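Take a look at the letters that make up each chain.
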Amino acid sequence: MFTSNHFIIIGILIVIIIISILLSKKYKLSSKNATRIFFVICIISELVKDFVNIVPSKYGGFVLEPEDIPLHLCSIVIFGMLYLMLSKNDKNKEHIKTAVVVLGIVSPVFAILIPNEGVAFNKVITYQYFLYHDALFWYAAYHIISKQVNLGKKEYFLDLKYLGITFMIMLLKGLVLQLIQTMVEIIYYYHLLFMVKLV
């Protein structure tokens with residue numbers, strides 16, 4: 001963190017954001033098309049992260065570690081994007097978009113300044129991590145600059161509600177995943193004990 005690699009990455013990300021916003025404004029990218037583009041980026045990003053982080057399981061086969069499931073504060077945006085892609089023009093759609101934009105302005109800044117995937121240039125996960133958060137910031141910033149999202153006082157209170165739900169999901173995630181892991185281990189060792197008794 002805050003090494004020469006980190007500062008180089010931050011500089012590159014700033015350039016990418018500026019170019020992306022300028023191109024979006026030049027071609028007058030609609031909110032619908034921006035959502036489609038970012039949704040594709042979300043899917044590609046998650047697939048890359050999953051393929052990189054998949055590890056052999058001690059129970060056989062391969063598995064993703066709990067921390068790689070898309071339930072982090074920034075990754076959970078994917079579910080919001082899915083809703084925006086599939087839903088019609090209803091009241092909730094605008095609220096979800098506003099929440100994604102507010103989250104997309106705040107979270108990527110902290111994620112980029114305090115990266116938890118390192119800053120090594122020789123790791124694929126480094127590029128996935130930074131480019132995803134850069135794209136999230138572009139999506140949010142472009143919506144604000146192009147005034148395609150309503151950020152009034154009422155919307156801020158609704159955003160706080162959605163963000164509060166998000167934080168609750170994140171807190172519960174750890175408890176649920178730990179419970180599932182414990183249950184799997186109990187079943188696994190019970191199965192081993194049963195097999196030993198048979199022998």
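Remember, predicted model here, so these are calculated numbers, not experimental data.

1. Topic: the packing of aromatic side chains
The description of an aromatic ring pair uses the distance of the two centres, along with the angle that the planes make with each other. Tallied over the full model, the rule gives five aromatic pairs. Ring pairing ties together the aromatic residues Phe38, Tyr132, Trp138, Tyr139 and Tyr142, which thus form one cluster.

2. Description of the pattern of salt bridges
Throughout the structure, instances matching the rule amount to two salt bridges. Its salt-bridge partner being Lys49, residue Glu46 comes within 3.3 Å of it at the nearest N-O pair. You can see Glu46 and its partner Lys49 sitting in helix 2 (residues 31-53), three residues apart, about one turn around the helix. We classify Lys49 as buried; its relative accessible area is 7%.

3. Structural notes on the environment of Phe38
Residue position: Phe38 is located in helix 2. With relative accessibility at 0%, the residue Phe38 sits in the buried group. The spatial distance from the C-alpha of Phe38 to the C-alpha of Leu136 is 7.4 Å, given a sequence separation of 98 residues. Among residues more than four places away in sequence, those in contact with Phe38 are Val77, Met81, Tyr132, Ala135, Leu136, Trp138 and Tyr139.

4. Re the nonpolar core
Phe38, Val77, Met81, Trp138 and Tyr139 are the most contacted members of the largest nonpolar core, which totals 21 residues. Within the residue set of this core, elements represented by two or more residues are helix 1 (4-26), helix 2, helix 3 (77-86), helix 4 (91-113) and helix 5 (124-145). Of all the elements, helix 5 adds the most residues to this core, at seven residues. In this structure, Trp138 is in contact with Ser20, Ile21, Ser24, Leu29, Ala34, Ile37 and Phe38, ignoring residues within four places of it in sequence. Counting eight residues, the second-largest nonpolar core is a separate cluster that includes Ile10, Ile112, Val119 and Phe130.

Rules of the game
Residues numbered from 1 in each chain as written. Predicted model: local features only at pLDDT ≥ 70, side-chain atom pairs only at ≥ 80, totals over all residues. Heavy atoms only, no water. Phe/Tyr/Trp six-rings, centres within 6.5 Å; stacked < 30°, edge-to-face > 60°. Salt bridge = Lys/Arg side-chain N within 4 Å of Asp/Glu carboxyl O. Helix = DSSP H or I, 4+ residues; strand = E, 2+ residues; numbered from the N terminus. Buried < 20%, exposed > 50% of the residue type's maximum accessible area, 1.4 Å probe, protein only. Contact = heavy atoms within 4.5 Å. Core = buried A, V, L, I, M, F, W, Y, C linked by side-chain atoms within 4.5 Å.

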